[in-house]
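Here is how the chains run, residue by residue.
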Amino acid sequence: MTSASEPIRCLFLGASLYSGSVESSSHIAKSVHRSAKAVLTCCEELSHYTETPGSIQRTFLSEPTHEVHRHLGAWMGRLGMSVWVDAIGNLRGVYAGAGAKRLIIGSHLDTVPNGGAYDGVIGVVIGIALIELLGGERLAHTIEIIGFSEEEGVRFGVPFLGSRAMAGTFDRALLDRLDRAGVSVADAIRSFGLDPARIENAELDADTAAYLEIHIEQGPVLEKACLALGAVEAIAGQTRAGVTFLGKSNHAGTTPMAFRRDALCAAAEWILAVEREARRTPGLVATVGKIEASPGVANVISGEVLATIDVRHSVDQPRERAFAAIVSSGYEIAHRRGLSFHHDVRLNQAAVPMNAELVALVVESIAATGEPPMLMASGAGHDAMILAARVPSAMIFVRSPGGISHHRDETVLLEDVQTALTAGSYFLRKLTL
C-alpha cells in the first residue's frame, strides 16, 4: 500500500486517474456528480420500504427487506455482478476482478424504529455506485458488496447477526431467541425463505483480504470541523452497567431533611459525578441514559433508584479507569448518605482498532479529494468491529448535518457524497491485496 504522506500528483475524480486535460477531468467530475445524485435518490427510495408507513422501520428479515434486496440486487445484476442472499439474510454481490483476492465494501440494511434514510444503507449504495463508476473495468482484485441483514439489534435484542455469521462468530443458541411476537430467530430466517441450518455457509470467502465500511458519522465532529469525510482509526470500547441506589421510602411531608435516606438525591449527586469524570477524561463519553425512581409518586421519598451507565472510549485503559472511578463514586455517595449501592456490568466490549495500513490508505484517499483528512474514533458500534477480528478493516465517515442520526431528519449533503465517491474510487485503485 502507498504511504499516506506520499504527495498526490494527479487529479482523481472517480472513473480514472488523470494528470491530463481539464476536459477529461471535467467529464469525470460530472459522472461523479450524477452518481452522487443517484445514491441519494436510491436511499430515499429504499426509505419507503418500511414496516410502519409514515416512518422508517426495517428490522431483521422483516417483509420490507425483500423489497430492498430486490431493488439493490437488480442494480448489482445490471452491473454484471453475481448476486445472492446468504442464509442469515445478508445481500451479497460479487464483481469479479483479475485476481481472486477480495475487498468487501458493506454496511447494514436494517434500521432503528423511526430511523433515518442513510444510516447503514448509504454505505451499501455507495459501494454499488463505486462499481458503476468503474464502467465495466475489472480491477486486480475482486470486490464484494454486502448489505448486512442486521446491525441494530432491534428485533431480537442482539446486534450484528449478519456480520457475526460472516465472521464465523454466530452463536447458534441465538436461533432460539424470541422477538416480542414470540417468533424465534430460526423461524424468522425460515419465513424469509432461508435455511438456518446453512448459516455457516455465510462465512467470509477464504480469499477475503480487506473490509471497507462507509457510514454516516452520526455525530457533530466533522460538521464542527467543516469537513466532509473522516478516517476512523478505532471503534470505541463500551462498558454498560445497571446500578441501584437503595434507601428508605417515607412520607414527604413528615420526614425532616436530616433524617432522610433519599435514593433519588443520591442518584442525582452520582449523575453529576459521572459527568465530571467524563469531562476530565479526554475522549471519554459517559451517559446515564435511564433512571427509574420507586415508588415514583409526588409525596413519597424515593426508596430505590435504578439507573444505567454507558461509558465509551477508543482506548480501553482510560475507559476502564473512568468506569472504576464512576462505580467508586456511587459507593462513596451511598455510604455517606446511609444508603446501599450495587452495580451489574452488562457489557464490556473492548475497543477495536482499524487496520493501520488501510487507515493510512483512507487518509491518502481523502487527501486526494482535496479535503484535509481527519483521524477520528467512532463512538457507535459498526459491523466493522465484528469483521475486524477476521480481516483487516477500515471505515470512512461521511458528515452528518446537525449531527442528527436515528431520526427521520437524518440527512447527508450531495457534495459530501461526491467526495466519498471520489475517495472510495481512489481507494479501490490504490489498494493492493
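So, how was this worked out
Residues numbered from 1 in each chain as written. Predicted model: local features only at pLDDT ≥ 70, side-chain atom pairs only at ≥ 80, totals over all residues. Heavy atoms only, no water. Helix = DSSP H or I, 4+ residues; strand = E, 2+ residues; numbered from the N terminus. Rg over C-alpha atoms; globule rule 2.2 N^0.38 Å. Buried < 20%, exposed > 50% of the residue type's maximum accessible area, 1.4 Å probe, protein only. Contact = heavy atoms within 4.5 Å. Areas by Shrake-Rupley, 256 points an atom, 1.4 Å probe, with all protein chains shown as cover. Lys, Arg positive; Asp, Glu negative; His and termini not counted. Charge placed at Lys NZ, Arg CZ, Asp CG, Glu CD. Expected span 1.5 Å × (residues − 1). Arc of directions from axis to C-beta. Polar contact = N/O pair within 3.5 Å; in protein donor to acceptor, adjacent residues only side chain to side chain. Salt bridge = Lys/Arg side-chain N within 4 Å of Asp/Glu carboxyl O. Axes fitted to C-alpha atoms, helices over the stretch in contact; angles between N-to-C directions. Parallel < 35°, antiparallel > 145°, perpendicular 65-115°, else oblique. Left-handed = near helix turned anticlockwise from the far one by under 90°. Nonpolar A, V, L, I, M, F, W, Y, C, P; charged D, E, K, R; others polar. Pairing = 2+ DSSP bridges.

Student: So what exactly am I meant to see when it comes to the overall build of the chain here?
Tutor: Check the secondary structure of the chain and you find 11 helices and 16 strands. Here the chain has a C-alpha radius of gyration of 24 Å; the compact-globule value for 433 residues is 22 Å, and the two agree. Taken along its principal axes, the extent of the C-alpha atoms in the chain is 85 × 50 × 40 Å. For the chain, the proportion of its 433 residues judged to be buried stands at 52%. For the chain, restricting intrachain contacts to residue pairs at least 6 apart in sequence, the fraction spanning at least 24 positions comes to 76%. Looking at the chain as shown, the accessible area adds up to about 18300 Å², and 53% of this sits on carbon and sulfur atoms. When the 38 positive and 48 negative side-chain charges of the chain are each reduced to one mean point, those points stand 3 Å apart.

Student: Looking at this structure, how should I read helix H8 (residues 316-337)?
Tutor: For H8, with 22 residues, the first-to-last C-alpha span of 32 Å sits near the 32 Å given by 1.5 Å per residue. Every buried residue of H8 is accounted for by Arg-319, Ala-322, Phe-323, Ile-326, Val-327, Ser-329, Gly-330, Ile-333 and Ala-334. Taken around the axis of H8, the buried residues stretch over an arc of 150°, which confines them to a single face. Residues of H8 that are exposed and angled more than 90 degrees away from the buried face: Gln-317 and His-335. Buried residues in H8 make contact with strand S9 (237-246), helix H7 (263-279), strand S10 (285-287), strand S12 (304-313) and strand S13 (340-349). Directly beyond the C-terminal end of H8, a positive phi value near 75° is found at Gly-338.

Student: How do you make sense of the side chain of Ser-149 when you look at a structure like this?
Tutor: Mapping Ser-149 onto the fold places it in the loop between strand S6 (142-148) and helix H4 (161-167). Take Ser-149: its relative accessible area is 4%, and that puts it in the buried class. A distance of 3.0 Å separates a polar atom in the side chain of Ser-149 from the backbone oxygen of Ile-88. Dropping the residues within four chain positions of it, Ser-149 is found in contact with Phe-60, Leu-61, Ile-88, Gly-89, Asn-90, Asp-110 and Gly-162.

Student: What is the right way to look at the pattern of salt bridges in this model?
Tutor: It is possible for side chains bearing opposite charge to pair when their charged atoms get close. In the structure shown here, the tally under the stated rule is 23 salt bridges. With a closest N to O distance of 2.8 Å, Asp-310 and Arg-312 form a salt bridge. When its relative accessible area of 15% is taken as the criterion, Asp-310 is described as buried. Owing to a relative accessible area of 16%, Arg-312 belongs among the buried residues under this scheme.

Student: Hey, could you run me through the packing of H7 against H8 in this one?
Tutor: The packing of two helices is summarised by the inter-axis angle and the distance between the axes. For the pair H7 and H8, the least separation of the axes is 9 Å and the interaxial angle reads 155°. Taken together, the axes of H7 and H8 lie roughly antiparallel to each other. Between H7 and H8 lies a crossing of right-handed hand. The residues of H8 that touch H7, namely those facing Cys-265, Ala-266, Glu-269, Trp-270, Ala-273, Val-274 and Glu-277, are Arg-321, Ala-322, Ala-325, Ile-326, Ser-329, Gly-330, Ile-333, Arg-336 and Arg-337. Grouping the constituent residues of the contact of H7 with H8 by class yields nine nonpolar, two polar and five charged.

Student: I would appreciate a short explanation of the environment of Ile-131 in the present structure.
Tutor: As for its position among the elements, Ile-131 is in helix H3 (residues 121-133). Put simply, Ile-131 and Tyr-95 are 36 residues apart on the chain and 7.7 Å apart in space, counted from C-alpha to C-alpha. Residues in contact with Ile-131, not counting those within four places in the same chain, are Leu-79, Met-81, Tyr-95, Ile-143 and Ile-145.

Student: Looking at this structure, how should I read H7?
Tutor: Each turn of an α-helix holds 3.6 residues, which means side chains three or four residues apart point in the same direction. In this model H7 runs 25 Å from its N-terminal to its C-terminal C-alpha over 17 residues, within 8% of the 24 Å that 1.5 Å per residue would give. Residues Ala-263, Ala-266, Ala-267, Trp-270, Ala-273, Val-274, Glu-277 and Ala-278 constitute the buried set of H7. The buried residues of H7 all sit within an arc of 135° when viewed along its axis, so they share a single face. In this fold, the buried residues of H7 make contact with S9, S10, strand S11 (291-294), S12 and H8. With a side-chain oxygen lying 2.9 Å from the backbone nitrogen of Leu-264, the N-terminal cap of H7 falls on Asp-262.

Student: Is there a simple way to think about the environment of Asp-171 in this case?
Tutor: Take Asp-171: it is sitting in the loop between H4 and helix H5 (185-191). Given the relative accessible area of 45%, Asp-171 is considered partly exposed. C-alpha of Asp-171 to C-alpha of Arg-92: the two residues are 79 residues apart in sequence and 21 Å apart in space. Polar contacts involving the side chain of Asp-171 include one to the main-chain amide nitrogen of Ala-173, which spans 3.0 Å.

Student: In this structure, what is going on with the pairing of strand S4 (residues 91-95)? I would like to understand it.
Tutor: Along a regular strand, successive side chains alternate from one face of the sheet to the other. Within S4, five of the five residues are buried, which leaves the element mostly enclosed by the surrounding structure. Both faces of S4 are covered, namely the face carrying Leu-91, Gly-93 and Tyr-95 and the face carrying Arg-92 and Val-94. Note: strand S3 (residues 82-85) against S4, four bridges, orientation antiparallel. Looking at the pairing, Val-85 lines up with Leu-91 of S4. Connecting the antiparallel pair S3 and S4 is a turn made up of five residues, with Gly-89 showing a positive phi of about 95°. Bridge analysis of S4 against S6 gives five bridges, and the strand direction is antiparallel. Its bridge partner lying in S6, Tyr-95 is registered against Ile-143.

Student: Help me out: how do you make sense of unusual backbone geometry in this one?
Tutor: Following Ser-294, the chain continues into Pro-295 via a peptide bond in cis, with omega recorded as 10°. Along the polypeptide, Pro-295 turns up in the loop between S11 and S12. Positive phi, close to 55°, is recorded for Asn-114, a residue that is not glycine. As for its position among the elements, Asn-114 is in the loop between strand S5 (102-108) and H3.

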